[in-house]
Every structure is written in C-alpha cells, then in structure tokens.
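Coordinates in review
Letter by letter, the chains look like this.
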Amino acid sequence: MPSDTQNPNSRAAGGPAEHASLRDGVTVRRDGRGVPYVRASNEDDLYFGQGYATACDRLWQMDLLRRTARGELAEVFGPAAVERDRLHRVYGFAGLAERLLERASARMRAALEAYARGVNARIQECGPDSLPQEFRVLRYAPREWTALDSLSVGKLLSESLSMSADADIMRALLADLLPPERLRELLPETSPLDVIVVGDDGEGRERPSSPALDGGASRANLGEAERAALLALLRSMRGARAADGGDGEVGSNSWVVGGKLTASGRPLLSNDPHLAPTSPSIWHITHLSSPEVEVSGVSLPGLPGVMIGRNRWIAWGLTNLCPDVQDVYFEKFDEGDPLSYMTPGGLRRAEVRHEEIVVRRPPGDTGDKVLTVDVKVTRHGPVIFESGPVALSLRWTALDADVVDLETFLDINRARDWGEFVEALRGFGGPSQNFVYADTAGHIGYYSAGRIPVRQTGDGSLPYDGSTDDGEWVGFVPFEELPHAFDPPSGVVVTANNRLVGLDYQHHLTHNWRSPYRARRIYELLTSKPELTADDMLAVQGDTYSYPDAIFAAEVVRLAAPLAAASAEWRDMAGAFAEWDGRSGPDSTVLPLVTEMRRAFRGRVLAGVVGDELAQLFDWRNEGTLLDRLITERPDSWLPEGFTSYESLLLACYREALESLTKRLGPERAAWTWGRLGSTRFPHPLEKLGPAGSIFAVPPLPQNTGGSMPTVNAGDRVSMRFVADLNDWGHTRLCIPLGESGEPSSPHRDDQFADWLNVTPPALPFAREAVEAAARDVLELSPPAGVASQDLL
C-alpha cells in the first residue's frame, strides 16, 4: 500500500480513524488513480465518507468554490477580487442558500449535513502544516463546511450554464440599429445541418415570430441613456465571462444509441461536457455504495452524490439546453426617492440588502478593509446595473428559492428505470439540461428538464419596461410538455447544445441555439457504421473534423478555380486548401490559415453591418450558420463598404491571415501548424503569485491538442470523458483531464492527463469484487470505540 509520502492527500492505511458522528463506519478504497470507492451500511455514513474523501483530494478547491459563490474571495485575494465578490453579492447566492435549506426535504438535508461532517472531519485532522499548500501560501485556514456551502456551490453551475441576459442586451442594441429583415439574417436560429430530436420543421414551415427579431412596435426604441447603459453592461458581462475562461463556441456533447445499433445488442451512452479548463479539474470521480445506493461517476467538489454516471440499472449524461431563463427590466426609480420604483400599482419600495465585503490588505498593512455594498432588489430581482436615471434588474430562474436542484441528482442516483428517472427530473429547477438515458433493460431516452419561463407578453428576447406587467412570468412550460423522447425509432439521440426541437414545437425555449456542427458530425458518425462498440464511442469523442472550416475552405477553392491562372495569391490559396480533409490535427498547416481567414471574414462583415464597437461585442451561438450562408451564397447586400465582390473581400482576408500568422508564428510557413498556434493549459488560480505560486502551475502542453472549437473533440474544454456500456458495467470508461488530487506533490495530480489527451479513458471498476481487486489503499473510518456498529457490507 502507498504511504502518505506517495499520496499526500490520503491518511496512512492501517488502523481505523475514529469519528464521533459515524453510526457504523465507512471503508474508503482507492485504486491506482486515487479514485475513492466509498462503502457504508447507511446513507449518513456514506455521504460522510464522500465528504471526507473529497476533502482529502480537493479541500482548497472546495473552499475556493464556496468563497466564489458567497462573494468572499477578496478576504483572501485582496482588492483584485472585489468586483467578482460584488457580482455574487448582487446575485445573493449566500442568502438564497439559506432559503433553499429551509425548503430541503429531510433526506436532502441529512445528506448535506452528513457530507459537511465528513469534510469537517478532514479539516479537523489537518494541522497547520498538513493543510493543502494553497492555504499555507495564502496564510489562512478554512472554516467549517456547512450544508449552506454546498447549496451555494451548486449555484455556480447555474451561473455558468444559464447566462442569457447578455444576449437580450445585445439584441436590444442591434434591434435599435438594424431593420427587422437584416436582424433576422444576422441572428439565425435554424441551419441546414440541424439534428432534430423532437418534432420536425415541416416543408415550408417558418420560424415562429419573435418581438426581438421581427421589428414593429416591440423594437427597442432606446434613448441615449438607455443605449449607453446597455453598452456598458454588455461590456462588463463580456469582460467577466472572458476572465472566467468563457467562450461562446463550446458546449458539451452527449449521445445514446440503442441496442439495434450496437455489437452487444445493448445501449451505449457517451458524455463529454465542455467547461473552461482549470487546475484541479472541475470534476471528481467517485464511487458510492450502500444498501440504498450504488453509483459511480463524477461529482462536483462540495456536493454530495454523483452528477453524471451510472448506477446498477441506468446511465445518464448531461448537456446544456442553452435556454432563455433570464430577463432584464428597465426600472423607473423615483427622482426624489431613489429606493422607490414604478409598478402598475404605483410606487413600490425596493428591498435593500446591506452586504459587507472584507478586503484583505497587502502584507505590512494592518487590519482588513470592509466595503459596504447596498443591493437594491425589485419585484423582478436584483438591480444589476444603475447609472443616472437608468436601472436594470434581473429575473432569473436560478434566483428562485422554491426548488432544491441537488435533490434531483440524489434521486437519479437510485433510479431503477425510465419512470423513476423521469420522476426525479420532475423536481429539477436548475439550468435546463438535456438528460440522456440508457438502462440495462435495453431502453434509451432523453428529457430536457428544468424550468422555462412563460411570459405574459413576448418571449424575453428584449429588455422589458419594468413599470408594466408585460414581462411578468405567468408560469413555466409544463414538465410533461418539455422536449423528451423514449426509445425513438431511429435508435439514436444526439445533444450538443444544438436546436433539438422542430419548428412545430409549441413553446419558446430559446432563439439562441449553438451551431449544430458537433451534433451533425456525431449523428453522421454514429449512423455510418453498424454494430457500434465502446471504442467507437471514444473514436467519435476524439473526432476533429471541422464543419465550418471545411465549408469555408471548399468555397475558397471554388472561387479560386477561375482566378488561379492569373494570380499567384489565388493559386496559393487553392493549392493550400484543395486537398484538405477538414480535420484539425496538431500538424495541420491548413487549419491555421483557414481559421485566420474565416476570422477576418467574420470581423469585416460584422463591422460593415453593426460597426466596430458592436462587432467586438457580438456573440451569437449560431453565428456560424450565418457565415456559412454568406460564403456559399455570397449575397451582394452583405459586402462591406469598399468591396465590390467576394473575391476582393476574400483576398483581403487572405492577406490579413498571412500577416497575423507571420506575427504569431514567424515567416516560415511550414511552421504554421495548428499545434503551434496555441497551447493546452489548465490554469491554477495561484500560479501567477511569483515563486510561491510556481508550484501550482501545471506545465502546458506546448501545442493545441488537435481539436478545435467547432469539432466534437473540443480540445482543452473537454472536462471529462465518459462512455457507459450497458452490456457490461466493467467496460464503462471514465477519466478527467488531470487527476483526482489538487495537491502539487501528489502522484494523482495529473496522472489521467495522457488518457484524457489520447481519448483512452480506462475502465472504471463497478462490481464489488472488481473494486476490491483494484484497491491500492484502504482506509477504515469508524465510530468511537465501544459504540455498537453493524458489519460493513
């Protein structure tokens, strides 16, 4: 068995550790990757064991997540974190957690409290010199973990997965600038590549009307002050997202295939969520076993249970639906009383929350600084921006305190069939997700669960006048009417943040679907080969065919054909692109040129339509469909000023691309490879703290991984690789980008990197015998001596 010097995050194996809050005891086995397999005879002890094991691996990450959610980063990072804290104080996640805990069921509360006791047991046994190194570098110790901390951390997922308000603001600015016809073209919703799961588009059917896109009386009609306020807020939102590693083009992939398409005759399920790369990895692999629960997969550090994975009967995966669950309101505050705002019934007093942010002073200064933040809350939600006479408030499903989202996952963890799975989803109120499903009985399915608002008027695509009731939420799309499918005739369900419902679907979900490149490619690969295996699922996860770049390159070749004889530049373009297979391998010298040309094409076209400032802020998830149409159809009305043809435009884009690549990679074109154009990095929050922070830096792979943003394999944004084989749980594969541990000296800090990079995740033991055979370390956690206990399973 490894000693503590080999795995700094584990206690030494051997005699049991006694903990007064245990009823019967817990066994924690760890395999060769340090994955914890927690076994207990009751659920209280089980979640205690999970909290303890997770804290052994990720205690500082857990503390960072709760401080982020609660707006307490400046207390340890100083003034640089104040604005991040201010934002989360405005959202009020800490107070929201208190209200959620009051509504939690007895079982949910018990799980949260047991998990917290496990975390605190680990904190208590860590002396000052055995805490994770981040605490020592920053010179502070963690306080006790609570159930409120877990609920707060859960809200961070809502923040990263359901931010649609910035799209409403952008559309308002555009609607005030462009005629309706041009706006509809600029913001496409459908694509020839769409992969529909529910319903169909029907021949000749058009997209449903939208106030934001169709003009008329509902157009923005902004005054100068309102426009300035929206621009300032949009800049702030874009900046905050960029600082968090956000990117408008990536998302997640999940799919499931039925037994008629597999070699075994049983379903296969695949999931690879895309999130901003971090060190440690955002996910923690966990196996939990008790008489009531046997489940394995990935959890979010700080939360009990498994979020994505499999149990004895079912497997499931997640992708973001990208729904419109945020609305923005112009609030009219009284000039004589800045706390009173107009409603249909007259002036109403805003609630005011007084928040205090503790700001750590630099070394040498005495004491901490306390900043007071007063948050105004209207009937719609918190005021997120205020400047002079303009105030904007936010309504967001994540700020409602009537649904404990985490309870859904504890119910899924024990679900035995489709009926129980769907019943678990009924209570899910979090960021709306596409849940894909398979079971050992041979069934597959999909359900888009979550709360989608129904507005009194309109669809929330533009900010509302908060003094009226036009934008009030009058309910949510009924659960039974949310998109879902069970055993579809095709035997395939693919979700990749793309449009999943046909134009015949009766409810508004969003106008802003992601381009369907990944979904189309996945569907084509799955339906092109009979008798699929788990290895085939991994091959799809690793696919690097880039639809938009291949479309662009093919059109350049087509335009170059009649021009190449008389132009060296067109001959060069045609020669570079003609034989390209559309794949984004690290050695490709074509992809850098294609992507740079396409980027230049996008920038010039957008600037010609909306101006330089809005072109810089423009972000539409399906903008790729617009660019595909422009390069293939080449309508004269979209040519930027100064260009008389698309040939002249593309020649300018080609020259711009050459200049950009020369500056970045040097003059030798043979060295212009996709690998050299970027690196694969997993940043740690402390890595830039000079010599003291250097120990936390994960050495970057000095090249791109081979994937690109529009490809199935999205490079360093792939946060986990999971394939469940319903024919044999022992063949299920799972890995994360780095490793289980966050400790720089641990052998499990990055021991999964090679498998993640090469798309070769190993099998994850599931049966008890396999778990015991794989164990390299065993730790017994016991109640105090003399307390009666049952034999562990």
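It should be emphasised that the depicted structure is a prediction, and the values quoted were computed from it without experimental measurement. (Residues numbered from 1 in each chain as written. Predicted model: local features only at pLDDT ≥ 70, side-chain atom pairs only at ≥ 80, totals over all residues. Heavy atoms only, no water.)

Moving on to the overall build of the chain. Regarding its fold elements, the chain presents 23 helices and 26 strands. Its C-alpha atoms give the chain a radius of gyration of 27 Å, near enough to 28 Å, the size a compact globule of 793 residues would have. For the chain, the spread of C-alpha atoms along the principal axes amounts to about 90 × 70 × 60 Å. Expressed as a percentage of its 793 residues, the buried residues of the chain come to 60%. Of all intrachain contacts in the chain linking residues separated by at least 6 positions in sequence, the fraction that spans at least 24 positions is 73%. Counting only carbon and sulfur atoms, one obtains 50% of the accessible surface of the chain, whose full area is about 29,600 Å². Of the side chains in the chain, 81 bear a positive and 112 a negative charge, and the two mean positions are spaced by 2 Å. (Helix = DSSP H or I, 4+ residues; strand = E, 2+ residues; numbered from the N terminus. Rg over C-alpha atoms; globule rule 2.2 N^0.38 Å. Buried < 20%, exposed > 50% of the residue type's maximum accessible area, 1.4 Å probe, protein only. Contact = heavy atoms within 4.5 Å. Areas by Shrake-Rupley, 256 points an atom, 1.4 Å probe, with all protein chains shown as cover. Lys, Arg positive; Asp, Glu negative; His and termini not counted. Charge placed at Lys NZ, Arg CZ, Asp CG, Glu CD.)

Turning to the environment of L394, a few remarks are in order. Structurally, L394 can be placed in strand β16 (residues 390-396). On the basis of relative accessible area, L394 is assigned to the buried category, the value being 3%. For the pair L394 and L269, spaced 125 residues apart in sequence, the C-alpha to C-alpha distance is 37 Å. Once you skip the residues sitting within four places of it in the chain, L394 turns out to touch Y91, A165, Q326, D327, H380, G381, P382 and I384.

A few words now on the nonpolar core. Grouped burial of nonpolar side chains is what soluble globular proteins tend to show. Core analysis: the largest hydrophobic core is formed by 206 residues, its most contacted members being L186, F421 and F601. Contact partners of F421, with chain neighbours within four places excluded, come to I314, W316, I412, A415, F435, V436 and Y437. Listed in part, the 18 residues of the second largest apolar core include V257, V492, V540 and V723. (Core = buried A, V, L, I, M, F, W, Y, C linked by side-chain atoms within 4.5 Å.)

Attention now goes to the pairing of strand β5 (residues 268-273). Regular strands show a simple pattern: their side chains alternate between the two faces of the sheet. Where burial is concerned, most of β5 is hidden: 6 out of the 6 residues are buried. Side chains of β5 alternate between two faces, with L268, S270 and D272 and L269, N271 and P273 buried alike. Strand direction decides the pairing type here: strand β4 (residues 252-257) and β5, joined by 6 bridges, are antiparallel. Looking across to β5, one finds that S252 is bridged to P273. Bridge analysis of β5 against strand β24 (residues 721-725) gives 4 bridges, and the strand direction is antiparallel. Looking at β24, one finds that L269 is bridged to A724. (Pairing = 2+ DSSP bridges.)

Now for the sheet that holds strand β9 (residues 314-320). With mixed pairing, the 11 strands of this open sheet are ordered in space as β1-β26-β2-β3-β6-β7-β8-β9-β17-β18-β22. Strand pairing shows two members of the sheet lacking a second neighbour, β1 (17-18) and β22 (484-486), which therefore form its edges. Relative to strand β17 (residues 433-439), β9 is paired through 7 bridges, and the arrangement is antiparallel. Counterpart to T319 in the pairing with β17 is N434.

So, on to the sheet that holds strand β15 (residues 383-387). Strand order across the open sheet formed by 4 strands is β15-β16-β10-β20, with mixed pairing between neighbours. Edge positions in the sheet fall to β15 and β20 (464-465), since each has one partner strand and no second.

All right, on to the environment of L392 then. Among the structural elements, L392 can be located in strand β16. Each C-alpha atom, one on L392 and one on G259, is 51 Å from the other, the two residues being 133 residues apart in sequence. When residues no more than four places from it in sequence are discounted, the contact partners of L392 are L230, L233, V328, Y329, F330, P382, V383, I384 and F385.

The next thing to look at is the pattern of salt bridges. Inspection of the entire model under this criterion finds 57 salt bridges. Between D324 and R455 there is a salt bridge, with its nearest N and O atoms 3.6 Å apart. Of this pair, D324 sits in the loop between β9 and β10 (326-331) while R455 is found in strand β19 (residues 453-455), placing the two residues 131 residues apart along the sequence. Per residue, the accessibility class of D324 equals that of R455, and both read buried. For R717, the salt bridge is made with D716, and the minimal N-O distance between the two is 3.9 Å. The residues R717 and D716 share a single accessibility class, namely buried. Each of D63, R66, R67, R70, E72, E75, R143 and D149 takes part in a single network of salt bridges with overlapping partners. (Salt bridge = Lys/Arg side-chain N within 4 Å of Asp/Glu carboxyl O.)

What follows covers the pairing of β17. Burial analysis of β17 places 7 of its 7 residues in the buried class, the great majority of the element. Judged by which residues are buried, β17 turns out to be covered on both faces: Q433, F435, Y437 and D439 on one side and N434, V436 and A438 on the other are all buried. Both β17 and strand β18 (residues 444-449) contribute to a ladder of 6 bridges, which runs antiparallel. Opposite Y437, over in β18, you have G445 as the bridge partner. Turn length for the β17-β18 hairpin, with the two strands adjacent in sequence and antiparallel, is 4 residues, and the turn residue G442 shows positive phi of about 100°.

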